[in-house]
Amino acid sequence: MSRAAKTYSVLTSNPKGHYKNITVRGGDESSVTVRVHRFAVVGKGDQVRFGLAGSNKVFVVAKNEGEPDIPLTPLFSVDETISIGKEKYDLRIREINSEVDMRALEFLEQFHYKTNNSLGEQTQEENSRGSTTSIGGRRAVLYASIKIGARWIPAGYIDLQMPLMMCKPRHELFNHPFKHPERPIRWERWDTHAMKDYLNSIVRIGRIVVSPELRGLGITRRIIKAAKTFSAERWHIGGMRPIFMEISAEMLSHIDFVTSAGFKYIGKTEGNITRVLKDMQSMSRAPGGEFGMMSLQRKYFRALEDYCKTLQITFEEGLEVLRRKIEQNQDALTTGEWAVLRSVIRNPIPYYLCPLDDYSEKYLCAALKALPSAEEAKTTRSEFSVKNTQISIENLSIRASYRVPETRSTKIIMDAFGLKGDTVYADIVQNVSVKASNGNIIFVVGTSGSGKSVFLNALDPDKTIDGNLMVKRTGGLKHSAGWLRPLRNDVPIFEVLAEKFTPEKAFVSLSRVGLSEALAFIKPFWMLSRGQQYRAMIADLLLRDEEVWLLDEFCSDLDPITAKIVAHNLRKQIIATGRIAFIAAANHTHYLDALRPTKVLMLRSGDEPAWLSYKEYQNDFLDQVG
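In short, a report on the structure. (Residues numbered from 1 in each chain as written. Predicted model: local features only at pLDDT ≥ 70, side-chain atom pairs only at ≥ 80, totals over all residues. Heavy atoms only, no water.)

Thoughts on the nonpolar core
Step number 1: Core analysis: the largest hydrophobic core is formed by 94 residues, its most contacted members being Leu160, Phe263, Phe554 and Ile583.
Step number 2: With 8 residues, the top contributor of residues to this core is helix H16 (residues 530–543).
Step number 3: Excluding its chain neighbours within four sequence positions, the residues that come into contact with Phe263 are Ile205, Ile224, Met245, Glu246, Ile247, Val258, Tyr352, Leu353 and Cys354.
Step number 4: Counting residues in hydrophobic clusters, the runner-up holds 26 residues, among them Ile398, Val429, Leu550 and Ile580. (Core = buried A, V, L, I, M, F, W, Y, C linked by side-chain atoms within 4.5 Å. Buried < 20%, exposed > 50% of the residue type's maximum accessible area, 1.4 Å probe, protein only. Helix = DSSP H or I, 4+ residues; strand = E, 2+ residues; numbered from the N terminus. Contact = heavy atoms within 4.5 Å.)

Observations concerning unusual backbone geometry
Step number 1: The peptide bond linking Thr73 to Pro74 adopts the cis configuration, its omega dihedral lying at 0°.
Step number 2: Structurally, the position occupied by Pro74 is in the loop between strand E6 (70–73) and strand E7 (77–84).
Step number 3: With a phi angle near 90°, Thr502 is a residue other than glycine that sits in the positive phi range.
Step number 4: Topologically, Thr502 is positioned in the loop between helix H13 (493–501) and helix H14 (503–512).
Step number 5: In this structure, Arg596 is a non-glycine residue whose phi angle is positive, near 40°.
Step number 6: Summarising the element assignment, Arg596 is placed in the loop between helix H18 (592–595) and strand E24 (599–602).

Structural notes on the pairing of strand E14 (residues 244–248)
Step number 1: With 5 of 5 residues buried, E14 is to be regarded as a mostly interior element.
Step number 2: Of the two faces of E14, the one carrying Phe244, Glu246 and Ser248 and the one carrying Met245 and Ile247 are both buried.
Step number 3: In this fold, strand E13 (residues 202–210) hands off to helix H5 (residues 219–233), which returns the chain to E14; that crossover is right-handed.
Step number 4: The pairing of E14 with strand E16 (residues 350–355) spans 5 bridges and is classified as antiparallel. Across the sheet, residue Glu246 finds its bridge partner in E16, namely Leu353. (Right-handed = clockwise from strand over helix to strand, strands pointing away. Pairing = 2+ DSSP bridges.)

Written out as structure tokens, the structure reads:
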């Protein structure tokens, strides 16, 4: 865009539904109203230019003379693909631009813990308002949708916001001299002058949400990738583009979902534990708040004040409760104390930075090496693995027997058909040799009654074999076997796993299987969707130490897409942890490409079984069905 093109000043910016109106004026001319998309990065005080007559291009004037203008329109949009087995699904990530997009955003917002109203703590006013209108400051939203069949389904969104004003780990990191070779951004120390001039060279991820049923497919990584491109090209404050992207969140203490997208762990934020008592005492002496405290501190003060009124205690007594929380721990508090004080105290949380250009990346790496406090984040570093396991069984045969009772009815049948003897025999499994090692997935197929379940039971050394079944084999069962099993129904699933395996391990296992929604953690098993229940049971399997997984009737009650996603995530965990899995199902054509087993065992009633590679089974059977 030529610098000679006429510039217009933005006088007002008013959002309305899926768009917003900006009023602009050029020089002494009359003001003009222009409609742009809802979260277009433009506001009062910005300078804009327009493209050639007939084009729909609008630009924000960059702050520095030598830099190109910042595109505002047309709409930012990128296309990606998600592979689940042999199927590829289109993923579209773009700015909000329609009423349909706004409804999709509202749908997705319910899955973020800060905007979910399932806990029933929001007031009616807060419920009706929603987060689309409750966040102040500059904001941009990128919305992701995935095409399944002929429909575009809401997949997720990312919310970009203005950077944090104060952040101790960033302050320490940026105290190293910075001089950008291509842009007029430079500082010797990150002092108040540097912050005033260059804080806006940072953009913050306020939140990122992926639809619960689609987690574990790499959608988060793709959304962040698009957001980095968008930020480098289009995000700005006062015409200054960012060179860093930041994120801080309590969830990052347990689940690292940003390192794979290029973020570096810098350290933990300071929180307010060291100063909250002093702040509350100061505010109690000036309850009107005219002494300049930040609005966030006033919010904390009101929460503590309401707590004291409810219990009919003095504010000083309330401060004593707060002091006890700080000096001891949350276990020392009653449920009521914890409920209110969690809204007053901010604990330190992980802080990550991501460079948006080559020079910023070099600077970040060099500064981190010189920063002793920036240790590696200890989030999802725990690994689930099992010892080296081999299965070698020869000539496994299973025969069922049934002694025919001597009743009038059976005698009629015996006489009518000339049958002799008193015992009926049926060969369920004949001469199966099984060899498997760590990371192998053996899929067992066959019609109903072909012996799939009986075969799996015969692989469990702790399983009691029915007295009517005779099992013969060469080679012992030296492994431990684990089955999918429902979790307790009377407590939250996170509590079930945390009590047995520690909270840290529970966080990691649930995130590994794509079940990382905050509200799902505190629901009992019966309240989860069937897809979520499968993920929770797989998380339980991950935490147990059995070397061999035996899964019967796998995904039999899931819809095709959910079954594909569950199978896709299961495969990743089997390979990553070195398990051996035997998985049986009658109906499987819709998800087997996502599971991609190592071998397929075909059991056939009255005949010897057949071993096939997955490719052979796909070519000879699955493709024929398709």
